[in-house]
Amino acid sequence: MRKIEHLGIAVKDLKASNQLFKKLLGKEHYKEEEVGGEGVMTSFFQVGETKIELLEATRPDSPIAKYLEQKSEGIHHIAFDVEDIHAEVERLIAEGFEILNETPKAGADNKLVVFLHPKSTNGVLVELCQERK
Ligand SMILES: CC[C@H](C(=O)O)C(=O)SCCNC(=O)CCNC(=O)[C@H](O)C(C)(C)COP(=O)(O)OP(=O)(O)OC[C@H]1O[C@@H](n2cnc3c(N)ncnc32)[C@H](O)[C@@H]1OP(=O)(O)O
Ligand SMILES: [Co+2]
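As the structure is a computational prediction, the values presented were derived from the model and not from experiment.

Scoring rules and cut-offs
- Residues numbered from 1 in each chain as written.
- Chains lettered and ligands numbered in written order.
- Predicted model: local features only at pLDDT ≥ 70, side-chain atom pairs only at ≥ 80, totals over all residues.
- Heavy atoms only, no water.
- Donors = N, O, S within 2.8 Å, 3.2 Å for Na, K, Ca; no water.
- Tetrahedral: all angles 85-135°; square planar, octahedral: opposite > 155°, others 65-115°.
- Helix = DSSP H or I, 4+ residues; strand = E, 2+ residues; numbered from the N terminus.
- Buried < 20%, exposed > 50% of the residue type's maximum accessible area, 1.4 Å probe, protein only.
- Near = heavy atom within 4 Å.
- Polar contact = N/O pair within 3.5 Å; in protein donor to acceptor, adjacent residues only side chain to side chain.
- Areas by Shrake-Rupley, 256 points an atom, 1.4 Å probe, with all protein chains shown as cover.
- 1 Å grid on protein atoms, 1.4 Å probe; cavity = no way out; pocket = protein on both sides within 12 Å on 5 of 7 lines; lining within 4 Å.
- Sits in = over half its atoms within 2 Å of the grid points.
- UniProt positions renumbered as here; feature names shortened; annotations may be inferred.
- pLDDT = per-residue confidence, 0-100.

Student: Summarise the coordination of the cobalt ion (ligand 2); cite the residues concerned and give the values.
Tutor: Only His-6 (NE2), Glu-53 (OE), His-77 (NE2) and Glu-127 (OE) from the protein coordinate the cobalt ion (ligand 2), and they sit 2.1 to 2.4 Å from it. Bound by six donor atoms, the cobalt ion (ligand 2) shows angles of 77 to 174° at the metal and therefore octahedral coordination geometry. Taken in chain order, the donor set of the cobalt ion (ligand 2) reads H-x46-E-x23-H-x49-E. Here His-77 is found in strand β5 (residues 74-81), whereas its partner Glu-127 is found in strand β8 (residues 126-131), with 50 residues between them in sequence. Residue classification places His-77 among the buried positions, given a relative accessible area of 4%. Residue classification places Glu-127 among the buried residues on the basis of a relative accessible area of 5%.

Here's what the structure looks like:
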């Protein structure tokens, strides 16, 4: 794990949350990007070497929609930047972590991503991100 790539925050209204985080961080988001496979619209703010990723559900069956049915808005996941996502998956499986998708899938911001089940990580949803070459 090289650094925290982003903190994912589940929000109900991306437009309103973009304005809120613009006030909080004193800067605009640098992009919005839909990830169809996850049923989310994302918005990214750069904060030093890490990012804030705001996530709004675009479909009722989105993980974000389900999360917001059960919990209030807030930190949804922590993402780590990794050099070699396949090697990290192998390492973490050997360490006994439950990987939700062993085959990396397309993420936002030009990443390949994998998720670990929160029950393996003290209740924190963890995402691994590798820059797509
Ligand atoms: C990839 C695009 C973008 C990017 O960065 O590029 C994203 O980050 S997209 C983010 C949205 N996508 C995902 O979250 C994919 C991975 N998530 C999942 O597969 C599910 O959400 C899962 C498995 C974490 C939970 O699924 P589900 O809610 O259907 O399962 P349960 O209801 O059985 O919950 C099991 C257990 O997990 C707890 N839970 C659920 N969500 C979270 C969370 N975000 N953080 C921590 N814990 C979570 C839930 O409360 C249950 O706990 P329990 O004690 O058993 O009640
Ligand atoms: Co994410």
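Student: Describe the site of ligand 1, listing the residues and the values that go with them.
Tutor: Around ligand 1 there are 19 residues in total, and Glu-38, Glu-53, Lys-71, Ala-108 and Glu-127 lie nearest to it. Taking Lys-66, its side chain carries an N or O atom lying 2.9 Å from an oxygen atom of ligand 1. In isolation ligand 1 has 1,100 Å² of accessible area, and contact with the protein removes 69% of it. When each cavity is represented as a set of grid points, ligand 1 is found to reside in the largest pocket. Elements with a minimum of two residues in the shell around ligand 1: β4 (50-57), α2 (63-70), β5 and β7 (111-116). It is α2 that contributes the most residues to the shell around ligand 1, three residues altogether.

Student: Requested: an account of the UniProt feature "domain: VOC" (unreviewed entry) in the protein chain, with residues and values cited.
Tutor: The UniProt entry lists residues 3-131 under the feature "domain: VOC" (unreviewed entry), expressed in the numbering used here. Taken end to end, residues 3-131 is 23% helix and 40% strand, and its first and last C-alpha atoms sit 13 Å apart.

Student: Let's hear about the confidence of the model for the protein chain: which residues, and what values?
Tutor: Taken residue by residue, the protein chain gives an average pLDDT of 98. The fraction at 70 or more is 100%. Model confidence for the complex is summarised by a pTM of 0.97, with the ipTM given as 0.97.

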